[in-house]
Amino acid sequence: MKEETIVLHAGHRRDETTTSVAVPIYQTTSYQFNNTDHASKLFSLQELGNIYTRIMNPTCAVLEERMSKLDGGVAAMAVSSGQAASAFSIQNICHSGDNFISSTDLYGGTWNLFSNTLKEMGIECRFIDPTKPEQFENAIDSKTRCIYAETLPNPKLNVFPINEVSKIGKKHNVPLIMDNTAAPYICKPISHGANIVVYSTTKYIGGHGLSIGGLIVDGGNFDWESAGDRFPMLNSPDPSYHGAVWSQAAKPLGPIAYILRARVILLRDYGSSMSPFNAFTFIQGLETLPLRMQRHCENAEKVSKYLSSHKKIQKVIYPSIMSGIHKDRCDKYMTGGSGALLGFELKDGEDAGRKFIDNLKLLYHVANIGDARSLAIHPASTTHSQLSDDEKISSGVTPGYVRLSIGIEHIDDIIEDLEQALNKI
Ligand code: PLP
């Protein structure tokens, strides 16, 4: 099936009991076992099946299968938020004393998680500037468990060199984890060499601003077993699961050692599972993701061209209108456009940025991205206000910088609102 069909049909044709075509919300905590033999086979993973909704749920399973197929992976796991997806993606293979490498261009919440919370747990994050992909190699040592980056990090919106860095990782048996939150459908990190993909489904996958959620897709394309000592958490007996060795236990089930461990250990122990109701809302969103992404991209490109010729604006940041290496990477990794996110710098600095936001009538002033509605924020006075002036500049947030997430409304209405807001500065 092609992507537009996968998002509507994969993982569910009709409910076996009721013949319902819509995916039912299986709002249940538990599942009746056939007998004690059946129950013990499920618990010992000899047979896969529903045990308890903290670990798996049939509504979540449809979302997982659709997202995994859409991305070309082998399995996926839904979790309670994008933050939980990022944290689990690392904690599944890193423990105290280990390190991992991350691009410096990260969502602020992920930056905090990596530089503070994981550090407190004894997991070291080594930050590397992605403009020099070769530097990722210098940071790898015998305790490095993975490389982490975002496909389209804002505010700089420089597309990450997925293939270049995945090759470095492959040379050293280090998997590449990509946060593809800002570019679902238009970028397929696994096809460019990434091994694990994480999402905040809160954004485009849901699209309607209804639910917080996250998801991890396992590409099934990393040989954990031959990487041996680099992954003790997958290749040595796990005392918390009767000494299971995950790379071995997963063998009869397919190349799913990574996601199997994440599910039966991390969901079991931390319990950050996605609720069936939220999975249902994400399934509704996912059905129209390809159509919405096309419209997001078309509208954002038109807005970027409109803003580029405006006299009060000194710079517009949108991947497909960039030049040089950034444009080359955009063309290499993005198909059908470069997403809804767009930044621009007002000539008159912070005051103008604040006024612009206050003047908006149609665009919402919110911290979210990827909603079907158009959204705007002035990072210097909000999301990045706790950073020092130097930190703001190095993360790409100048005083007059405004971030837009362009929705799927009629383009004329979006531009009219931007115009009236700019005129009144
Ligand atoms: N990753 C990226 C790129 C994000 O933009 C966000 C949230 O803005 C997250 C992860 C965290 O997602 P959530 O808010 O669903 O926890």
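Located above this text is the structure these notes cover.
Description of the structure in this document. The structure displayed is predicted, hence computed values, not measured ones. (Residues numbered from 1 in each chain as written. Predicted model: local features only at pLDDT ≥ 70, side-chain atom pairs only at ≥ 80, totals over all residues. Heavy atoms only, no water.)

## Comments concerning the layout of surface pockets
Sizing a probe to match a water molecule and rolling it over the atoms shows the empty space that remains.
Consideration 1: As a volume, the largest pocket reaches approximately 1,100 Å³.
Consideration 2: Every element with two or more residues in the lining of the largest pocket is listed here: helix 4 (82–91), helix 5 (108–120) and helix 15 (389–394).
Consideration 3: Looking at the lining of the largest pocket element by element, the count peaks at five residues for helix 5.
Consideration 4: Classifying every residue of the lining of the largest pocket by side-chain character gives 11 nonpolar, 20 polar and seven charged.
Consideration 5: No fewer than three residues from each of domain 1 (3–284) and domain 2 (291–423) sit in the lining of the largest pocket.
Consideration 6: A volume near 650 Å³ is recorded for the second largest pocket.
Consideration 7: Taken together, 28 residues line the second largest pocket, and the ones lying closest to its centre are Leu48, Ile55, Met56, Glu64 and Arg263.
Consideration 8: For the lining of the second largest pocket, the secondary structure elements donating two or more residues are helix 2 (36–43), helix 3 (58–71), strand 1 (75–79) and helix 10 (257–270).
Consideration 9: Tallied by class, the residues present in the lining of the second largest pocket amount to 17 nonpolar, five polar and six charged. (1 Å grid on protein atoms, 1.4 Å probe; cavity = no way out; pocket = protein on both sides within 12 Å on 5 of 7 lines; lining within 4 Å. Points joined across faces, edges and corners; volume = space filled by probe spheres on them. Helix = DSSP H or I, 4+ residues; strand = E, 2+ residues; numbered from the N terminus. Nonpolar A, V, L, I, M, F, W, Y, C, P; charged D, E, K, R; others polar. Domains from an automatic or database assignment.)

## Quick word on the side chain of Asn195
Consideration 1: In this fold, Asn195 is placed in the loop between strand 5 (176–179) and strand 6 (196–200).
Consideration 2: Reaching out from Asn195, the side chain makes a polar contact with the backbone nitrogen of Leu176 at a distance of 2.8 Å.
Consideration 3: Within the structure, Asn195 has its side chain in polar contact with the side chain of Asn221 (distance 3.2 Å).
Consideration 4: Apart from the residues lying within four places of it in its own chain, the contact partners of Asn195 are Pro175, Leu176, Val217, Asp218, Gly219, Gly220, Asn221 and Phe222. (Polar contact = N/O pair within 3.5 Å; in protein donor to acceptor, adjacent residues only side chain to side chain. Contact = heavy atoms within 4.5 Å.)

## Section: empty space enclosed by the protein
Consideration 1: Throughout the structure, instances matching the rule amount to two cavities of 30 Å³ or more.
Consideration 2: Approximately 60 Å³ is the volume attributed to the largest cavity.
Consideration 3: If you go around the largest cavity, the residues you meet are Ser103, Asp105, Pro130, Thr131, Pro153, Asn158, Val159, Phe160, Pro161, His326 and Arg329.
Consideration 4: Of the residues belonging to the lining of the largest cavity, the class tally is five nonpolar, four polar and two charged.

## Details of helix 3
Consideration 1: With 14 residues, helix 3 should cover 20 Å at 1.5 Å per step; its first-to-last C-alpha distance of 20 Å lies within 8% of that length.
Consideration 2: Just downstream of helix 3 lies Gly72, where phi reads positive at about 75°. (Expected span 1.5 Å × (residues − 1).)

## Structural notes on the pattern of salt bridges
Consideration 1: Within the structure shown, the criterion is met by 19 salt bridges.
Consideration 2: For Arg126, the salt bridge is made with Asp141, and the minimal N-O distance between the two is 3.0 Å. With Arg126 in strand 3 (residues 124–128) and Asp141 in the loop between helix 6 (135–138) and strand 4 (144–150), this pair connects stretches of sequence that are 15 residues apart.
Consideration 3: Relative accessible area serves as the criterion here: at 22%, Arg126 is assigned to the partly exposed category.
Consideration 4: The class of Asp141 is partly exposed, set by a relative accessible area of 30%.
Consideration 5: The partner of Lys171 in a salt bridge is Glu137, and the shortest N-O contact between them spans 2.6 Å. (Salt bridge = Lys/Arg side-chain N within 4 Å of Asp/Glu carboxyl O. Buried < 20%, exposed > 50% of the residue type's maximum accessible area, 1.4 Å probe, protein only.)

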